[in-house]
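A structural walkthrough
One letter stands for each residue in the lines below.
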Protein chains: 2
Amino acid sequence: MKEVSKLMDYRADIKVLDATLRDGGLVNEFRFTDDFVKALYLANIRAGVDYMEFGYKGDKSMFDVDKFGPLKFCDDDYIRSIVGENNTDLKIGIMADVGRCNYKEDIHDASESPVDLIRVATYLHQIPTAVSMIEDAKNKGYEVSCNIMAISNARESDIEAALDILGKSPVDVLYIVDSFGSLYPEQVVRTINIYKEFADKYNKKLGIHAHNNQQLAFANTIEAVGDGVDWLDATYASMGRGAGNCAMELLLGFLKNPKYNVYPAIQFIEKYMPAIRASGAVWGYDFQYMMTGLLNQHPRTAIEFTKEGREDYSEFYKEILAQE
Amino acid sequence: MKEVSKLMDYRADIKVLDATLRDGGLVNEFRFTDDFVKALYLANIRAGVDYMEFGYKGDKSMFDVDKFGPLKFCDDDYIRSIVGENNTDLKIGIMADVGRCNYKEDIHDASESPVDLIRVATYLHQIPTAVSMIEDAKNKGYEVSCNIMAISNARESDIEAALDILGKSPVDVLYIVDSFGSLYPEQVVRTINIYKEFADKYNKKLGIHAHNNQQLAFANTIEAVGDGVDWLDATYASMGRGAGNCAMELLLGFLKNPKYNVYPAIQFIEKYMPAIRASGAVWGYDFQYMMTGLLNQHPRTAIEFTKEGREDYSEFYKEILAQE
């Protein structure tokens, strides 16, 4: 149990990262209007958010630029068209997926880029490439974090091996990622304890990226705050793939650091989120995501179920049970 | 932190109580069809739910019987028309509100009633009347629980005084009720510790009834399970006043006792909940409820905001801030 004083007071080390464009972009092919992106940028500044993730550094030889909005690729020029020189306290991040990013060529020196943070996203079986990307980004002058995805069905010994390799790399932040939204708070605590051992040993920070399949994204995030995790991902109105993420408005309401302010988040949501929903983007807690979360499965079947407009939940449950 | 074995195994003392008709009835004036009530009863039996709360024992001299469905009043004959002699493992509960129930006359002897459990709902300033109702129900042969409502803005010393009085009464179960959906898991744990002192002293069981204003109803409920709270309230699809309750489907998915089964819950939701929504009943997490939860306020303003179809969230936030 956390102490009362910790609920009332705050840790200055906390960093809030807005992942709306990146995780949210997965449900609308990154087709955000410039107006939306600019308004989100301004909302983040006013809300005291620390980092704003713009999107992916997708490899243009793998992904058709005509099929996605610009934030699938996050060209420096595009980001600069929104943020100018970004003379603010809000730092800019982008995600680089192992195997889907031509990082050596497409990520330029930090001194030439509006980007501050490279977020390397990896599966457990790709750690050496992740390390190569981390070293590349670090050499180019960036802050670097690493998201190890889909850990909820990984063995602890594999996670420990990965953390020991990543610990020796120059990465700054190690992220706990509950890709399937299947972890309960107690499991988050246990997972943090594993990460913490290596974070302490190698002097790294910890972060958490939660999904809302079982309505636990916010609960797991604040559980993590109480256990020393500093970097917290959230998205406005939970916008993100499948059941979505930890809601920014809930997180800003919870955090007590005076620099955070929930009101600009409410204003942004009120003005911009209805149009995104109306444009056909679908996300958020629903029974199909609860079921894949419960069974600790990738949400792809639930996403398909949603896209097809199906409502035969009990049939779906039998289908995914058969995949176990 | 809870032990791994506690997550994998189960406590046989756990009781799941379905509050769909009672808390859900608050959003549709208890206008459930007999078909719905019967199907819910059968779903609960198949899902292994322990108690089903049918509704309120409302005082007919206070509430117009033409303005509400029958579960506002829970006449024994109506319940019997659904459950017959109820020769099942599912027990039947009803709620009796202090000050809104003519309990001496309207609650008959348990031997003549299909009801097993009387749930006395009280505010802190009504404890002596609650005790009188508890004694009355106990003398008539019922199991009796007591919900102390709206504790999130009560002083601990007042809660302790109430628990000491209730502890000396013949009540069986003391319920922690987060009426405003404002408690964080750490606060739930601290609240449980207070209740536990008196539960241990007076040999009472503990229960929890959570609301979902901050998407924490399920998280708070499973936090409580890990801390020795045995009676767990939930509702199908979270149906309940305002932001709704802990979702039955999430709770059944979490609990490991083999007697619980999530599949009948999914089937019920699929078949019956769309029609309830289509009939105009509105509930569930939304920004206005997040805001009243965050500010630890009664959700009545958010319910009004919802009824009026308003979407000016930032204006609403300023309004309720002004009420502080």
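Note that the coordinates shown come from a computational prediction; the quantities given were computed from them, not determined experimentally.

**Description of the overall build of chain A**
When helices and strands are tallied, chain A shows 14 helices and eight strands. Seen through its principal axes, chain A has C-alpha atoms that stretch 55 × 45 × 45 Å. Looking at chain A as a whole, 50% of its 324 residues are labelled buried. Across chain A, the fraction of contacts at a sequence separation of at least 24, relative to all contacts at a separation of at least 6, is 77%.

**Focus: the environment of Met52 of chain B**
All names here are of chain B. With respect to the helices and strands, Met52 occurs in strand β2 (residues 51–56). Its 30 C-beta neighbours within 10 Å are what place Met52 among the buried residues. Measuring from C-alpha to C-alpha, the distance between Met52 and Val115 comes to 9.8 Å, with 63 residues separating the pair along the chain. Filtering out sequence-adjacent residues up to four positions away, Met52 remains in contact with Asp18, Tyr41, Asn44, Leu90, Ile92 and Gly93.

**Some details on the nonpolar core**
Core analysis: the largest hydrophobic core is formed by 215 residues, its most contacted members being Leu251 of chain A together with Leu251 of chain B. If we ignore the near neighbours within four places in the chain, the residues touching Leu251 of chain B are Val16, Phe218, Thr221, Leu232, Ala234 and Cys246 of chain B.

**Considering the relation of the copies chain B and chain A**
After a rotation of 180° and a shift along the axis of 0.0 Å, chain B superposes on chain A with an RMSD of 0.0 Å. Both chain copies can therefore be described as sitting about a two-fold axis. Mapped onto chain A, 100% of the interface residues of chain B are again interface residues, and the two copies thus contact each other with one and the same surface.

**Examining the interface of chain B and chain A**
Accessible area lost upon the coming together of the parts serves often as the stated size of an interface. Residue-level contacts link 32 residues of chain B with 32 residues of chain A. Of all the secondary structure elements, the ones that give two or more residues to the side of chain B that touches chain A are α8 (185–202), α9 (217–226), α10 (248–254), α11 (263–278), α12 (287–294) and α14 (313–321) of chain B. A per-class count over the side of chain B that touches chain A returns 19 nonpolar, six polar and seven charged.

**Points about the sheet that holds β2 of chain B**
All names here are of chain B. Reading around the barrel, the eight strands line up as β1-β2-β3-β4-β5-β6-β7-β8 and close back on themselves, with parallel pairing between neighbours. Put simply, the sheet's adjacent strands are angled 25° from each other on average, direction ignored. Bridge analysis of strand β6 (residues 173–177) against strand β7 (residues 205–209) gives five bridges, and the strand direction is parallel. Along β7, the bridge assignment pairs Ile176 with Ile208.

**Points about the domain arrangement of chain A**
Residues and elements named next belong to chain A. Segmentation of chain A into domains returns domain 1 (4–278) and domain 2 (287–321). Its C-alpha centre places domain 1 at a distance of 25 Å from the equivalent point of domain 2. With nine residues of domain 1 in contact, the opposing surface of domain 2 contributes eleven residues. Tallied by class, residues from the side of domain 1 that touches domain 2 come to two nonpolar, seven polar and no charged.

**Some remarks on the sheet that holds strand β6 (residues 173–177) of chain A**
Residues and elements named next belong to chain A. Read around the barrel, eight strands follow the order β1-β2-β3-β4-β5-β6-β7-β8 and close on themselves; strand pairing throughout is parallel. On average, each strand axis in the sheet is tilted by 25° relative to the strand beside it, whichever way the strands run. In this sheet, strand β5 (residues 143–148) lies alongside strand β4 (residues 117–122) in parallel orientation, the contact comprising six bridges. Bridge pairing links Ile118 to Val144 in β5.

**Focus on the packing of helix α7 (residues 156–168) of chain B against α8 of chain B**
For any two helices packed against each other, one specifies the crossing angle of their axes together with the interaxial distance. All names here are of chain B. Between α7 and α8, the shortest axis-to-axis distance is 10 Å and the interhelical angle comes to 20°. Considering their axes alone, α7 and α8 lie roughly parallel with respect to each other. As for how α7 packs across α8, the hand of that crossing is right-handed. Seen from α7, the contacting residues are Glu156, Ile159, Glu160, Leu163, Asp164, Gly167 and Lys168; seen from α8, they are Ile194, Tyr195, Phe198, Lys201 and Tyr202.

Calculation rules
- Residues numbered from 1 in each chain as written.
- Chains lettered and ligands numbered in written order.
- Predicted model: local features only at pLDDT ≥ 70, side-chain atom pairs only at ≥ 80, totals over all residues.
- Helix = DSSP H or I, 4+ residues; strand = E, 2+ residues; numbered from the N terminus.
- Buried ≥ 20, exposed ≤ 12 C-beta atoms within 10 Å, placed from the backbone.
- Contact = placed C-beta atoms within 7 Å.
- Core = buried A, V, L, I, M, F, W, Y, C linked by C-beta atoms within 7 Å.
- Least-squares fit on C-alpha atoms with pLDDT ≥ 70 in both.
- Nonpolar A, V, L, I, M, F, W, Y, C, P; charged D, E, K, R; others polar.
- Pairing = 2+ DSSP bridges.
- Axes fitted to C-alpha atoms, helices over the stretch in contact; angles between N-to-C directions.
- Domains from an automatic or database assignment.
- Parallel < 35°, antiparallel > 145°, perpendicular 65-115°, else oblique.
- Left-handed = near helix turned anticlockwise from the far one by under 90°.

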